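Residue strings, one per chain:
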Amino acid sequence: MPTEDFTETEMLVQWNKYAQRLGDKGLRIMESLLLINDPTLNGTTITLELPNEGSKLDFESQMNGLLGHLKGHLHNHDIKIEIIVNEAIEMKRSLNDQDKYNRLMEINPNIDLLRTTFGLDLHT
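Residues numbered from 1 in each chain as written. Predicted model: local features only at pLDDT ≥ 70, side-chain atom pairs only at ≥ 80, totals over all residues. Heavy atoms only, no water.

**Student:** I'm lost on the side chain of H69 in this one. Help?
**Tutor:** For H69, the location among the structural elements is in helix α3 (residues 53-74). Residue H69 is classed as buried on the basis of its relative accessible area, which comes to 8%. Excluding residues that lie within four positions of it along the chain, H69 makes contacts with Q14, Y18 and R21. (Helix = DSSP H or I, 4+ residues; strand = E, 2+ residues; numbered from the N terminus. Buried < 20%, exposed > 50% of the residue type's maximum accessible area, 1.4 Å probe, protein only. Contact = heavy atoms within 4.5 Å.)

**Student:** How should the pairing of strand β3 (residues 80-85) be read in this particular structure?
**Tutor:** Every regular strand shows the same layout, with side chains that alternate between the two sheet faces. Summarising the sheet, strand β2 (residues 45-50) and β3 pair through six bridges and their orientation is parallel. Bridge pairing in β3 places I46 opposite I81. The parallel pair β2 and β3 is bridged by α3, and the resulting crossover is right-handed. (Pairing = 2+ DSSP bridges. Right-handed = clockwise from strand over helix to strand, strands pointing away.)

**Student:** I'm lost on the pattern of salt bridges in this one. Help?
**Tutor:** Pairing of side chains with opposite charge becomes possible as their charged atoms draw close. This model, assessed by the stated rule, comprises two salt bridges. In this structure, the salt-bridge partner of R28 is E31, at a minimum N-O distance of 3.2 Å. In this pair, R28 and E31 both sit in helix α2 (residues 28-35), three residues apart, roughly one turn of the helix. Given the relative accessible area of 52%, R28 is considered exposed. Where R115 meets D112, a salt bridge forms, and the shortest distance between an N and an O atom there is 2.9 Å. Highlighted residues: R115 and D112, both in helix α5 (residues 110-117), separated by three residues, approximately one helical turn. In this structure R115 comes out as partly exposed when scored by relative accessible area, which is 26%. (Salt bridge = Lys/Arg side-chain N within 4 Å of Asp/Glu carboxyl O.)

**Student:** Please explain the packing of α2 against α3 as it appears in this structure.
**Tutor:** Two elements in contact, α2 and α3, have axes whose closest approach is 10 Å; the angle formed by their N-to-C orientations is 95 degrees. Judged on the interaxial angle alone, α3 and α2 are roughly perpendicular. Contacts between α2 and α3 pair I29, M30, L33 and L34 from the former with S55, D58, F59, Q62, M63 and L66 from the latter. Taken together, the residues of the contact of α2 with α3 break down into seven nonpolar, two polar and one charged. (Axes fitted to C-alpha atoms, helices over the stretch in contact; angles between N-to-C directions. Parallel < 35°, antiparallel > 145°, perpendicular 65-115°, else oblique. Nonpolar A, V, L, I, M, F, W, Y, C, P; charged D, E, K, R; others polar.)

These results come straight from atomic positions and should not be treated as a statement about function.
Listed below in C-alpha cells is the structure:
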C-alpha cells in the first residue's frame, strides 16, 4: 500500500472536492459537515471539529467513503480521521457579503462570470 507524503493544502483540496461531489449527489448534510470548518493535518491524522454528537454520528456513518477518496487521491493508506466534538464551536467563516462571495468563488469560479455578465456588485 502506498504511503506518499502529502501537504495539508493537498489534503484540503481533496477534502473539498469530495464535499462538492457529495453536494452534487444531493447529500447536503454530509457536505455541510465536511465544510463546517477546515480540518487540520498532523502527520497522517486529519482532525475535524464538529459541533455535537449527532453530527459526529452522521459523519462517522459516511466516513469510509471519504477515507477511500483521500487514501486513493493522496496515495497514502495510513490516513486516519479523528473527530473532536466541541459544543462551543462556531462557524469560523465570517458572514459578511465579501466573505460569502469569496467562499462561492472557491466552490465555483464561474460565479465571477455571472457577476460581470449582469453587472452585479457587492455592497457591504
